[in-house]
Amino acid sequence: MLSAIAARKAAQAALRDATVPMDSQPGPTTSAPVLEAPTPKKPTSKRKSSTQTSKPPKRKKEKPKAPPRYFDEPDSFQDQDDVIVIDSDSDEVDEQEDFREQPPMKRRWSPSLPLNDSSDEGDMDADLDVSFSVLPTTAVPKVPTTTEVLSTFHPSPNQNTFFLDVAEVSALQLESNAPGTLIALHSEETICLLGTYTFTVLQGSINHSGVLLSPSRRCHRVFAPRSSPLPLIEGQDSARAIQNIRNLPQSIHPLIARPITLVLLQELHSGVEGLGRICRTFDGVFAPSRWQRSTVSDELQLSGVHLVCPCQESKSLLTVPQIQSQTRDIQPFELSPSWSRAIASSTTADLTQASVHLIKGPKNSGKSSFARTLVNNLLKKYHTVAYLDCDLGQSEFTPGGMVSLNLVSRPIFGPPFTHPTLPHAAHYIGAATPRATPALYLAAIQALLETYRLDIQVPADLPEEEDDEEEERIVDAIPLVINTMGWTKGLGADLTRSIQEMAAPSDVYELDATYAPPPPTHAAPGAPAHRQHLLQPIPPSVLATAYTAADYRALNMLSYFHAVFPPSAPSTSSSLSLFQDSQARTWQTTLPLRAVPPYAVSTAQALDAVILVGAGSEDVVPEEIGRVLNGAIVGLVECIPGTLDVGPKREQGPPYTQAAAPPPPTSSGCVGVALVRAVSPQETELHVITPLPHHLLTRSRVLVKGELELPVWGMLDFREVGEEQVPYLQWGKSEGLGGQRRRVRRNLMRKGQM
Amino acid sequence: MKLPRRVPWTSISELEQVCSWIYAEENDIDGKILAVNRISAWRAITHLPHALESTLSILVAIVQDNLQPASSSQLALRQSYSTAIIRLVNGLVDPLQLGAYARSISSIAQQLGLPSWLVELRHAATHEDLPSLDLLREAARVSMVWLLNNYFLPAINPSTAPEVVTPLRPLEPTLKQYKHLLKMTARDASLRTHYAPAILSVMKDVERWITEARVAANMATRDLWETTSETLLDSVEMDAKERWALERLCDALLEKGGLVPLSKKKRDFPADSFTPPKFSILLWTSLLHHLQSLHSEFYAVLAGRIVLTLLAERDAKESQVEVQLDSSYELCLARWAFWVVEAWEADDSHDFDLRKEVTVLLMQSLGHVMNASHRDKKSATILLESLCTGLPQLDSALSVLKVLSNNTPPTKWIPEDIEIMDQRLNALLSSDLVPDISTPRSESLTRRTEPASDVTQGWRLLDESSGWRPCPIGVYRSTIE
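Definitions and cut-offs
- Residues numbered from 1 in each chain as written.
- Chains lettered and ligands numbered in written order.
- Predicted model: local features only at pLDDT ≥ 70, side-chain atom pairs only at ≥ 80, totals over all residues.
- Heavy atoms only, no water.
- Helix = DSSP H or I, 4+ residues; strand = E, 2+ residues; numbered from the N terminus.
- Contact = heavy atoms within 4.5 Å.
- Areas by Shrake-Rupley, 256 points an atom, 1.4 Å probe, with all protein chains shown as cover.
- Buried < 20%, exposed > 50% of the residue type's maximum accessible area, 1.4 Å probe, protein only.
- Axes fitted to C-alpha atoms, helices over the stretch in contact; angles between N-to-C directions.
- Parallel < 35°, antiparallel > 145°, perpendicular 65-115°, else oblique.
- Left-handed = near helix turned anticlockwise from the far one by under 90°.
- Nonpolar A, V, L, I, M, F, W, Y, C, P; charged D, E, K, R; others polar.
- Pairing = 2+ DSSP bridges.
- Phe/Tyr/Trp six-rings, centres within 6.5 Å; stacked < 30°, edge-to-face > 60°.
- Polar contact = N/O pair within 3.5 Å; in protein donor to acceptor, adjacent residues only side chain to side chain.
- Expected span 1.5 Å × (residues − 1).
- pLDDT = per-residue confidence, 0-100.

### Quick word on the overall build of chain A
Argument step 1. Counting its regular elements, chain A contains 15 helices and 24 strands.
Argument step 2. A sequence separation of at least 24 residues applies to 79% of the contacts in chain A between residues at least 6 apart.
Argument step 3. In the structure as shown, chain A presents an accessible area of about 29,900 Å², 53% of it carried by carbon and sulfur atoms.

This is the structure:
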């Protein structure tokens, strides 16, 4: 057991030359294939500082060469096989390889490992989430061994980049007729784009963030902000093309029928950049940061799209330190080989049966990314894929606080906040973690699994035929992908085990190679065997320190409230058709929430019950319910009439009974989330803001309030600068001792722990 | 951007009202019940500050005590009181465990002003027998009074908050002991192992002092932990308090008798390089290295303090003799600063260029000073020169500065100045400094693409015609039907 002092010295020594990780402490994440570089390893300094003699400090008069970085290894690094040096531009490799080694540590290094209490996962304030290990080599990301070059594609007009106008694009009869840029990718050439765009594959095939796409007339929307790993478009060998490829202008014809991939990029205007102005943490996240401004080019002539590559003239700027930091906050999406193996094996398996895929792993290990990649790959074989989201904090399609079942029929490219979708079925739990209500959580998941098995697994109605050149996809079976929470210890492990038992998956993906599975005593004899895939988690990246889980939750919530959902025509049948489009395409970001006209809801007419969920909620007396509802985030729930026990009706005000049970998931469902922005003084009327289309509002007559709160960003007016006095917000520091929320340190050591 | 905090009340007057319900009369149970209901409702709105949560638990116990019939079990009541007090003490002490090692609860409680018998009660309730009902009632009463004085009153009237700063214990005895030990080991190397544990304990004492200073800094700013989600803010705040604590430490080190030897005889400087006396280096190196290893900013703070001391304006009343003495003291300090900068650069892993920053600081202060006190800052000038030698960038900057300080600034404007300024303005405007902010598309994305009358019973969409105007979340603006 290293003493803390020696550990600190070792850590500092290790920080100085972050080379091969120390094996003495197996960290929770291992990285991708480790370097075999024979780099000189500084011996762990075991000497304690107390025995440090009083010899004068070494005067290492190192002239500051430009720049003397500790990771500037000799060329043995570049001689490795994993480093792909394309053409002769080894300079690009050099300059981009490794600012990921030193993530911008916004927080000072704290000397001890926080003891991971299992309820860490449910912590709403995520500042303690980032675990700095005692030997921070595991926190320092390794140099990635896959390609570090972000783009090898150099646009040169009329050779591999063509600008098409509206007439030329409409001749191709694609889904969208906006003008665009056509790029021609050779095999293995990659291009990395930052921003929002749509792309259509006209000829050949491409590998976009882990999924192979073949030519079709379908336009795929891509959101690529800096806050997530950037997808790479890589050209692949293939000889297919869309029908109307000959309608391209004459100048492009030499490229047709060659092994060159043609991709049409078009602009995408959705208003999602406005979310950055509302939630300042993500300001300008769709545009290059100021470090990259000198290196990104606008050669594609598409607004909102930035090509991330080293331009020709940047070679002369190699000695300037700023260029070396151009990848300081960009992380490309890399598909690790274990992921592609697992995906390939599961999608080529027996397809006639609808399969159930369960993904589990600790937080920040890449579960959501893997789930998205898996869904995209399954969509090549199936027409629709069902997605059961059990993660309450970082949901994929919903704002959080609910477990939901979504139906996906188009590939998803982008982080969760860019595709808010109305769920097919959902249940409101009301918190970012099931810590307070585990029974309700499990009951809700059970109900959703029932819904899947009865209604969806073999769908009753089939989708409309879509006319595209794709291969035939299976329409009479819908597989299920289940994403679980990142809470892997304690209560969370129990819950995940229960979920696995309820779901009986055919494939289980575990994202942690070192995670020891629980002893198999729980496996009942005769349980259906499932395929187990062990996957490599993604290595820690600079993004994990820059954007925390709490930031993402806030952004998801705000994105939901500003989203514009397509108003669907009220269907003739009472239940929603399975295949209607319910994803938001645009965002309303010109007005802050406080300026959006609300609905006025009369409590007597429109509400059957108001229920509070969560720890301590049973103490709220009916006289205070108006105060509690003011400014609250509530879930809009519809219940089958007669199944909810409503207490004695109050003469006025919201129908609230103290300590009422939450609506049972078997007979209720959540349609969405709303914000009660005001309560009238007599509590007869509520002003409610919600982005849901009208037909869903008619059905929801129960409000459920949990522990979720509107992020502070949503309560402010981003158009004005200044600190105005707003109710429920207090500027400045708090006065008085004990004036802050209680925070607990979990990494405190005692004197005896030397 | 600094974010506001979410609080459960609309205005501070609500907190005042709750305070009056609780504290107006000792035996008013109805007021306390009202307060319990109100604080429970607040609990459902958002997370309460710790003091309010403890108030709620103690109030619930008190109300239960006064309302219940005398025949039922008292154990539940005692447990209720005990839990409330345990959580009160824990919640106040835990955020102040700022060092690497845990400090005793009683030491932190003493800095906070909690009565020590309350801490003993907490220990007894946790580990030993549950205390008696009388003692618990008294403890509850004392806790409520403490909360009133230390949370409610400062929160309601921030300006009248009393200064609760316990003075820090002096560091000099510890430093003296350190010097003593190191002198003995320097003279006789064989004693090194013998005194090693003593030296280690002295260093840990220094560390403990720093932690106490940080707690005091926390209390002085009354800012135990920020609850904003901005992680950058957290780290900056932590650094500010730690920096304050380190600055106090550096002040203690820079006293005469610390880094600078007390007697002038010992201040003999080696002639070849700009370093402090050899003996001083021998003495202080291990402590400085130890501190630097624990606090990565320590050298930067130390260099900053030294520079500030050197640049401080001299008081006109000081006599000439003192000025003479001070010059060797200042020279020694300057040499220490140089040593610190060299040590910082020897440790290669910092991004922060300490040499440049110190040089900039010195240049800024020295360059513009034209008055007579300039010559007093000889040491600072010497330090500046020695820092700049060897580095072409800084050398050239220094030479420019020297030239500037010799010139008299032009006292009147000549017409050509306008042209020069115009040129500069044009150059600034034409350079593309500000990237064009992509304004949102002006196509107004209407939120409601459906007619408003489509909504069903009870739901009515408001708009301008019904008289609704934008107002903050939580404020109700009545409309015409």
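### Regarding the overall build of chain B
Argument step 1. Summing up its helical and strand segments, chain B has 17 helices and 2 strands in all.
Argument step 2. Residues counted as buried form 48% of the 481 residues belonging to chain B.
Argument step 3. Counting contacts in chain B only where the partners sit at least 6 residues apart, residues at least 24 apart contribute 69% of the total.

### Section: the packing of helix 4 (residues 75–93) of chain B against helix 6 (residues 116–127) of chain B
Residue and element names in this part refer to chain B.
Argument step 1. Helix 6 packs onto helix 4 with a crossing angle of 120° between their chain directions and a minimal axis gap of 9 Å. It follows that helix 4 is oblique to helix 6 by the angle criterion. Crossing geometry of helix 4 relative to helix 6 is assigned as left-handed. In contact with Ser82, Ile85, Ile86, Val89 and Asn90 of helix 4, helix 6 contributes Leu118, Leu121, Arg122, Ala125 and Thr126.
Argument step 2. Here the contact of helix 4 with helix 6 is built from residues that sort into 6 nonpolar, 3 polar and 1 charged.

### Overview of the sheet that holds strand 9 (residues 356–360) of chain A
Residues and elements named next belong to chain A.
Argument step 1. The strand order across the open sheet formed by 7 strands is 12-11-10-13-9-14-15, and the pairing between neighbours is mixed. Of all the strands in the sheet, the pair left with one neighbour each is strand 12 (425–428) and strand 15 (531–534). Put simply, the sheet's adjacent strands are angled 15° from each other on average, direction ignored.
Argument step 2. Sheet topology places strand 9 next to strand 13 (residues 480–483); 4 bridges connect them, and they run parallel. Its bridge partner being in strand 13, His357 is matched across the sheet by Val481.
Argument step 3. Packing of helix 6 (residues 337–347) onto the sheet brings it into contact with strand 9, strand 14 (507–510) and strand 15, and relative to strand 15 it is tilted by some 160°.
Argument step 4. Packing of helix 9 (residues 491–503) onto the sheet brings it into contact with strand 9, strand 13 and strand 14, and relative to strand 9 it is tilted by some 175°.

### Considerations on unusual backbone geometry
Residues and elements named next belong to chain A.
Argument step 1. We note that Glu683 has phi near 60°; this positive angle belongs to a residue other than glycine.
Argument step 2. Note that Glu683 resides in the loop between strand 21 (668–679) and strand 22 (685–689).
Argument step 3. Taking the relative accessible area as the measure of exposure, Glu683 reaches 15% and is therefore buried.
Argument step 4. Here Tyr728, not a glycine, exhibits a phi torsion of approximately 70°, which is positive.
Argument step 5. With respect to the element layout, Tyr728 can be found in the loop between helix 15 (712–715) and strand 24 (729–730).
Argument step 6. Relative accessible area serves as the criterion here: at 2%, Tyr728 is assigned to the buried category.

### Some thoughts on the packing of aromatic side chains
Argument step 1. Counting across every chain of the model gives 20 aromatic pairs over all chains.
Argument step 2. Residues Phe282(A) and Tyr547(A) carry aromatic rings whose centres are separated by 4.9 Å and whose planes lie at 15° to one another, so their mutual orientation is stacked. Placement of the pair is Phe282(A) in the loop between helix 4 (274–278) and strand 8 (305–307) and Tyr547(A) in the loop between helix 10 (542–546) and helix 11 (549–562), with a sequence separation of 265 residues.
Argument step 3. We classify Phe282(A) as buried; its relative accessible area is 2%.
Argument step 4. Here the aromatic rings of Tyr23(B) and Phe152(B) are separated by 5.7 Å at their centres, their planes lie at 70°, and the arrangement is edge-to-face. Placement of the pair is Tyr23(B) in helix 1 (residues 12–23) and Phe152(B) in helix 7 (residues 133–156), with a sequence separation of 129 residues.
Argument step 5. The class for Tyr23(B) is partly exposed, based on a relative accessible area of 23%.

### What about the side chain of Thr603(A)?
Residue and element names in this part refer to chain A.
Argument step 1. Positionally, Thr603 belongs in helix 12 (residues 603–606).
Argument step 2. A distance of 3.5 Å separates the side chain of Thr603 from the backbone oxygen of Glu683, its partner in a polar contact.
Argument step 3. Filtering out sequence-adjacent residues up to four positions away, Thr603 remains in contact with Gly653, Pro654, Pro655, Glu683, Thr684, Glu685 and Leu686.

### Remarks on the environment of Val620(A)
Argument step 1. Summarising the element assignment, Val620(A) is placed in the loop between strand 19 (609–612) and helix 13 (625–629).
Argument step 2. With relative accessibility at 0%, the residue Val620(A) sits in the buried group.
Argument step 3. Each C-alpha atom of the pair Val620(A) and Ala659(A) lies 8.0 Å from the other, and the pair is 39 residues apart in sequence.
Argument step 4. When sequence neighbours within four positions are dropped, the list of residues in contact with Val620(A) reads Leu612(A), Val628(A), Tyr656(A), Gln658(A), Ser40(B), Ala41(B) and Ala44(B).

### Things to note about helix 8 (residues 172–187) of chain B
Argument step 1. With 16 residues, helix 8 of chain B should reach 22 Å at 1.5 Å per residue; the first-to-last C-alpha distance of 22 Å fits that figure.
Argument step 2. Where helix 8 of chain B is concerned, the buried positions are Thr174(B), Leu175(B), Tyr178(B), Lys179(B), Leu181(B), Leu182(B) and Thr185(B).

### Brief notes about the pairing of strand 13 of chain A
Residues in a regular strand point their side chains to alternate faces of the sheet.
All names here are of chain A.
Argument step 1. Residues Leu480 and Ile482 of strand 13 are buried on one face, and the alternating residues Val481 and Asn483, pointing to the opposite face, are buried as well.
Argument step 2. Summarising the sheet, strand 10 (residues 385–389) and strand 13 pair through 4 bridges and their orientation is parallel. Of the residues in strand 13, the one forming a bridge with Ala386 is Leu480.

### A closer look at the confidence of the model for chain B
All names here are of chain B.
Argument step 1. Taken over all residues, the pLDDT of chain B has a mean of 76, while the share at 70 or more is 78%.
Argument step 2. Of all secondary-structure elements in chain B, the lowest mean pLDDT belongs to helix 10 (residues 231–254), at 67, while helix 6 reaches the highest, 93.
Argument step 3. In this model, residues 223–236 is a region of pLDDT below 50 whose contacts with residues beyond four sequence positions or in other chains number 38 contacts.
Argument step 4. Reported for the predicted complex are a pTM of 0.74 and an ipTM of 0.74.

### Here's the deal with the sheet that holds strand 2 (residues 459–461) of chain B
Argument step 1. Here we have 7 strands laid out as an open sheet, ordered 19(A)-23(A)-20(A)-21(A)-22(A)-18(A)-2(B), and mixed in their pairing. Each of the sheet's edge strands pairs with one partner strand only, and the pair in question is strand 19 of chain A together with strand 2 of chain B. For this sheet, the mean inter-axis angle between neighbouring strands, taken without regard to orientation, is 35°.
Argument step 2. Summarising the sheet, strand 20 (residues 632–639) of chain A and strand 21 of chain A pair through 8 bridges and their orientation is antiparallel. Pairing of Cys639(A) across the sheet is with Ser668(A), part of strand 21 of chain A.

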